[in-house]
Amino acid sequence: MSERFLLYRTDSGYVVKHNERVYLGEQRPWEELITHEDLHSRLANLVGAPNPSSKSLDDFKLRAPIGNQEVWAAGVTYFRSRDARMEESKSAGGGDFYDRVYSAERPELFFKATANRVVGHGEKVAIRSDAKWSVPEPELVLLISPAGKILGYTIGNDMSSRDIEGENPLYLPQAKVYNRSCALGPCILVSAEPIPRTTEIRMEIVRGSSAAFAGSVNLSALKREFSTLVDFLYRDNTFPNGSFLFTGTGIVPPDSFTLRQGDEIRITIEGIGTLINSVG
Ligand code: DO4
Ligand code: MG
């Protein structure tokens, strides 16, 4: 039996998908469930009882898989991201910072969102009203326990205003943190094994009925170890409710591309699923 569980937060409690079967969890606060140090065993116990539901996932309204955790993000963890930031901030004299952080021992980590700024699968992400160049950033996101253990993986969209970030690196928080600037979902992959480094991340942006952009990257191109990112995040920092940590983007649309209202963003990570959000 494969030991991988897909954990969904829904309007009617939590739901686990395992070997194509759906199991309904007992009612309990989401934050208490997902930050349990032994989340994997809890889910294994649930699916061990012979009670699969006759319902399918389509019968449930999905919610963003976040309780009261802080959301943080690592940046410039792929060469493609380093290149894009160097280019966008060249005229502001910021290019060198990105090159240096890419190869430094200390990673770039920044605060991304509180739960009220996060949307789930099927909900709308936003473009800042004062931004002229906006992109989605498709990323693998770690769910980390209060003790710093990686409990699971989900899909994230780190919506970013590239013109604001490129004007001055000190504007990064404004380019990254605003209402509906962060999407998470559709579920959390809880697995006894780390997610394979061969995993592919894909993004497609649909405008009207055609693809405005499509790209992919392999997790093997991520320069940092997950454990290093977690070590730095948890150094002298406590997370009583656990945390989510974006691991950076390796897919950057060409500089001529900016998001528009109505665009649909589809991010797929092998083994987890597809997170779909439109801009509105
Ligand atoms: O430093 C800018 C942000 C980088 C980022 O969000 C990424 O590389 O994913
Ligand atoms: Mg990012």
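Residues numbered from 1 in each chain as written. Chains lettered and ligands numbered in written order. Predicted model: local features only at pLDDT ≥ 70, side-chain atom pairs only at ≥ 80, totals over all residues. Heavy atoms only, no water.

Some words on the side chain of Ser243
For Ser243, the position within the fold is in strand E16 (residues 243–246). Accessibility expressed as a relative area gives 0% for Ser243, which makes it buried. Among the polar contacts made by the side chain of Ser243, one reaches the side chain of Tyr234 at a distance of 2.9 Å. If we ignore the near neighbours within four places in the chain, the residues touching Ser243 are Gln69, Glu70, Leu142, Leu143, Ile144, Leu233 and Tyr234. (Helix = DSSP H or I, 4+ residues; strand = E, 2+ residues; numbered from the N terminus. Buried < 20%, exposed > 50% of the residue type's maximum accessible area, 1.4 Å probe, protein only. Polar contact = N/O pair within 3.5 Å; in protein donor to acceptor, adjacent residues only side chain to side chain. Contact = heavy atoms within 4.5 Å.)

Observations concerning the state of the cysteines
What the rule picks out here adds up to zero disulfides. Take Cys182: it sits in no disulfide, and the sulfur closest to it among the cysteines is that of Cys187, at 16 Å. The buried category is assigned to Cys182, whose relative accessible area is 0%. (Disulfide = S-S within 2.5 Å.)

Observations regarding helix H7 (residues 226–234)
Three or more residues of H7 are buried, namely Phe226, Leu229, Val230, Phe232, Leu233 and Tyr234. Of the surrounding secondary structure, the elements contacted by the buried residues of H7 are strand E5 (70–75), strand E6 (108–113), strand E10 (138–144), strand E11 (150–158) and E16. Looking one or two places after H7, you find Asp236, whose phi comes out positive at around 60 degrees.

Brief notes about the site of ligand 1
Close contacts around ligand 1 come from 16 residues, with Val76, Ser81, Glu108, Glu137 and Lys176 the closest. Glu108 has a polar side-chain atom sitting 2.8 Å from an oxygen atom of ligand 1. In this structure, Glu139 approaches ligand 1 through a side-chain N or O atom, which is 3.1 Å from an oxygen atom. Considered on its own, ligand 1 offers 280 Å² of accessible surface; in the complex 100% of this is hidden by protein. In this structure the site holding ligand 1 corresponds to the largest cavity. Those elements giving two or more residues to the shell around ligand 1 turn out to be E5, helix H3 (79–88), E6 and helix H6 (172–176). When grouped by side-chain class, the residues that make up the shell around ligand 1 number five nonpolar, four polar and seven charged. (Near = heavy atom within 4 Å. Areas by Shrake-Rupley, 256 points an atom, 1.4 Å probe, with all protein chains shown as cover. 1 Å grid on protein atoms, 1.4 Å probe; cavity = no way out; pocket = protein on both sides within 12 Å on 5 of 7 lines; lining within 4 Å. Sits in = over half its atoms within 2 Å of the grid points. Nonpolar A, V, L, I, M, F, W, Y, C, P; charged D, E, K, R; others polar.)

Quick word on the layout of surface pockets
The volume enclosed by the largest pocket comes to roughly 190 Å³. Residue lining of the largest pocket: Phe97, Tyr98, Val101, Glu108, Pro169, Leu170, Leu172 and Pro173, and that is the complete set. For the lining of the largest pocket, the elements supplying multiple residues, two or more each, are helix H4 (95–103) and H6. Ranked by residues supplied to the lining of the largest pocket, first place goes to H4 with three residues. For the lining of the largest pocket, a count of residues per class yields seven nonpolar, no polar and one charged. Roughly 160 Å³ of internal volume is contained in the second largest pocket. Along the walls of the second largest pocket sit 14 residues, with Lys149, Ile150, Leu151, Ser191 and Ala192 positioned nearest its centre. Looking at the lining of the second largest pocket, the elements that each hand over two or more residues are helix H2 (39–48), E11 and strand E13 (182–191). Broken down by element, the lining of the second largest pocket gets its largest block of residues, four residues, from E11. Residues belonging to the lining of the second largest pocket are distributed by class as follows: seven nonpolar, three polar and four charged. (Points joined across faces, edges and corners; volume = space filled by probe spheres on them.)

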